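# Structural description and commentary
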Amino acid sequence: MQVLFISLMVLFLSSNLFAQERVLKLGVVPQQSASSLAKVWLPLTQSISEKTGYKIRFSTAPNIPEFERRVAAGEYDITYLNPYHYTVFSQSNGLRAIARQKDKRIHGIMVVRKDSDISSLSMLSGVEIAFPAPAAFAATILPQAHLRLEGISFMPQYVSSHDSVYSGVVKGLFLAGGGIDRTLSTFPKAQSEQLKVVWRSKGYTPHAFAVSAELSEEETDRIQDALLSLNDQQEGMEILTRLGFKTGLMKSEDSDWDDVRSLKIDLLK
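Scoring rules and cut-offs
- Numbering of residues begins from 1 in every chain and follows the order in which that chain's sequence is written.
- Since the coordinates come from a predicted model, pLDDT governs what is reported: local features require at least 70, and pairs of side-chain atoms require 80 or more to be given and counted, while whole-chain, interface and lining totals use all residues.
- Derived side-chain values reflect all non-hydrogen atoms in the structure, with water molecules and hydrogen atoms excluded from consideration.
- Strands are runs of DSSP state E lasting at least 2 residues, helices are runs of H or I lasting at least 4, and numbering of each runs from the N terminus.
- Every residue pair with non-hydrogen atoms within 4.5 Å of one another is taken to be in contact.
- Note that accessible areas follow from Shrake-Rupley with a 1.4 Å probe, and for residues the cover is restricted to the protein chains shown.
- His is not counted, nor are the chain ends, whereas Lys and Arg count as positive and Asp and Glu as negative.
- One atom stands in for each charge, and that atom is NZ of Lys, CZ of Arg, CG of Asp or CD of Glu.
- When a residue's accessible area, from a 1.4 Å probe over protein chains only, is under 20% of the maximum for its type it is buried; when over 50% it is exposed; and in between it is partly exposed.
- Side-chain atoms within 4.5 Å link the members of a nonpolar core, which is a set of buried Ala, Val, Leu, Ile, Met, Phe, Trp, Tyr and Cys residues.
- In what follows, salt bridge is the name for a side-chain nitrogen of Lys or Arg lying within 4 Å of a carboxyl oxygen of Asp or Glu.
- Each polar contact in these results corresponds to two N or O atoms within 3.5 Å; when the atoms are within protein, one needs to be able to donate a hydrogen and the other to accept it, and residues that are neighboring in sequence are counted only if both atoms are side-chain atoms.
- A pair of strands is labelled paired if DSSP reports no fewer than 2 bridges between them.
- Fitted lines through C-alpha atoms give the axes, limited to the stretch in contact for helices. The angle between two N-to-C directions lies from 0 to 180 degrees.
- Between 65 and 115 degrees an angle is taken as roughly perpendicular, under 35 as roughly parallel, over 145 as roughly antiparallel, and anywhere else as oblique.
- Working rule for handedness: look at the near helix, and if it is turned counterclockwise from the far one by less than a right angle, call the crossing left-handed; if clockwise, right-handed.

### Quick word on the overall build of the protein chain
When helices and strands are tallied, the protein chain shows eleven helices and eleven strands. Expressed as lengths along the three principal axes of its C-alpha atoms, the size of the protein chain is roughly 85 × 40 × 35 Å. The long-range share in the protein chain, meaning contacts at least 24 apart out of those at least 6 apart in sequence, stands at 76%. Surface accessibility of the protein chain: about 13100 Å² in total, with carbon and sulfur atoms responsible for 53%. Positive and negative charge centroids in the protein chain, built from 29 and 29 side chains respectively, lie 4 Å apart.

### Some thoughts on the environment of Gly203
Counting through the fold element by element, Gly203 comes out in the loop between strand S9 (195–200) and strand S10 (208–211). Gly203 gets classed as buried once you look at its relative accessible area, which sits at 16%. Sequence separation between Gly203 and His107 is 96 residues; the distance between their C-alpha atoms is 4.9 Å. Apart from the residues lying within four places of it in its own chain, the contact partners of Gly203 are Arg105, Ile106 and His107.

### Describing the nonpolar core
It is characteristic of soluble globular proteins that their nonpolar side chains tend to be buried jointly. Ranked by size, the top nonpolar core spans 57 residues in total, and within it Trp41, Leu44, Phe137, Phe209 and Leu227 carry the most contacts. The element best represented in this core is helix H2 (residues 34–52), accounting for six residues. The next biggest cluster of nonpolar side chains, apart from the first, holds 14 residues, and it includes Met110, Ile152, Phe154 and Ala176.

### Details of the pattern of salt bridges
Under the definition given, this model contains twelve salt bridges. For Arg200, the salt bridge is made with Asp181, and the minimal N-O distance between the two is 2.7 Å. Of this pair, Arg200 sits in strand S9 while Asp181 sits in helix H7 (residues 181–186); the two residues are 19 residues apart in sequence, bridging distant segments of the chain. Arg200 gets classed as partly exposed once you look at its relative accessible area, which sits at 43%. Salt bridges sharing partners connect three or more residues here, namely Glu66, Arg69, Arg70 and Glu75.

### Re helix H4 (residues 83–92)
The buried fraction of H4 is high, at eight of ten residues. Every buried residue of H4 is accounted for by Pro83, Tyr84, His85, Tyr86, Thr87, Val88, Phe89 and Ser90. Where the residues of H4 are buried, they touch helix H3 (64–72), strand S3 (78–81), strand S4 (96–101), helix H5 (137–149), S10 and helix H11 (258–261). Where H4 begins, the side chain of Asn82 points an oxygen toward the backbone nitrogen of Tyr84, at a separation of 2.9 Å. Gly94 sits one or two residues past H4 and shows a positive phi near 75°.

### Details of the sheet that holds S3
Strand order in the open sheet made by the six strands is S2-S1-S3-S10-S4-S11, with mixed pairing throughout. The sheet terminates laterally at strand S2 (55–59) and strand S11 (249–251), the two strands that pair on one side only. Here the average twist between neighbouring strands, direction ignored, is 25°. Both S4 and S10 contribute to a ladder of four bridges, which runs antiparallel.

### Here we look at the pairing of S3
Burial along S3 is two-sided: Ile78 and Tyr80 facing one way and Thr79 and Leu81 facing the other are all buried. Where strand S1 (residues 23–28) meets S3, three bridges bridge the pair, whose relative direction is parallel. Paired with Val28 across the two strands is Tyr80, which belongs to S3. Where S3 lies against S10, four bridges are found, and the strand directions are antiparallel. Following the sheet pairing, Leu81 is matched in S10 by Ala208.

### Let's talk about the side chain of Thr183
The residue Thr183 is located in helix H7 in this model. In this structure Thr183 comes out as buried when scored by relative accessible area, which is 0%. Here the side chain of Thr183 touches Ile180 through a polar contact of 3.3 Å, landing on its backbone oxygen. In contact with Thr183, other than residues within four places in its own chain, are Gln31, Gln32, His162 and Tyr166.

### Section: the packing of H2 against helix H9 (residues 217–229)
In a pair of packed helices, the angle between the axes and the distance between the axes together describe the arrangement. Across the interface, H2 lies against H9 with an axial gap of 9 Å and an inter-helix angle of 125°. The angle between the axes of H2 and H9 places the two elements in the oblique class. In the packing of H2 onto H9, the handedness of the crossing is right-handed. Two secondary-structure elements touch here, H2 through Leu44, Ile48, Lys51 and Thr52 and H9 through Arg222, Ile223, Ala226, Leu227 and Ser229.

Structural data, given as structure tokens:
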């Protein structure tokens, strides 16, 4: 009986420990549909899990405003987020940047149908323009700021993701839309070939991989090392290339985003 009791206790404790196994959530800004994101982000999530020994789960949100709410609520342990989001949540939530794309500057772009006569932003005066979300840095904030600077009136329509912007323009629902080079490059070729870029902004520090302030220094270092090690392996570079990170990743620090802070954007404050 005593042996049976001990065996049952060991089984109970083992099951209880397994049930309480910690899962780290990787939250990715929903620039594309959840299914499109999962297809390219799950290999990276699995690679980081294998390299760190931590159980990491991919996550996103149905739209960018909901993603912002989840980041603010601290729902993600690791987050891939746009430059403006990082400047906000590094201050309010203590997010710490650990990596970003190497040798890369992010540019906002404006696209129209390739068969359109539109060749400059001045030709968009008074029309509806598609944007992913109010606080999407390069795809919304930068082009809208430029339009206003040039005195071009427009009616913004927010459609939840970069892919929705491109699809809307291809289908003729909008004459133009805001996006970024990386998401346009990963948009289905049959559709992206129907678009042309009519404006590109100056470059800024790109999206950040950041970790929660709740993670220990050891956990942070292991995750950072796992991300950077992708540069050194063919399989790792294939994973990064599918994500649009063709130049690989590099170590980052908080001050890298001071160029974005200098714009003094206060949409989420």
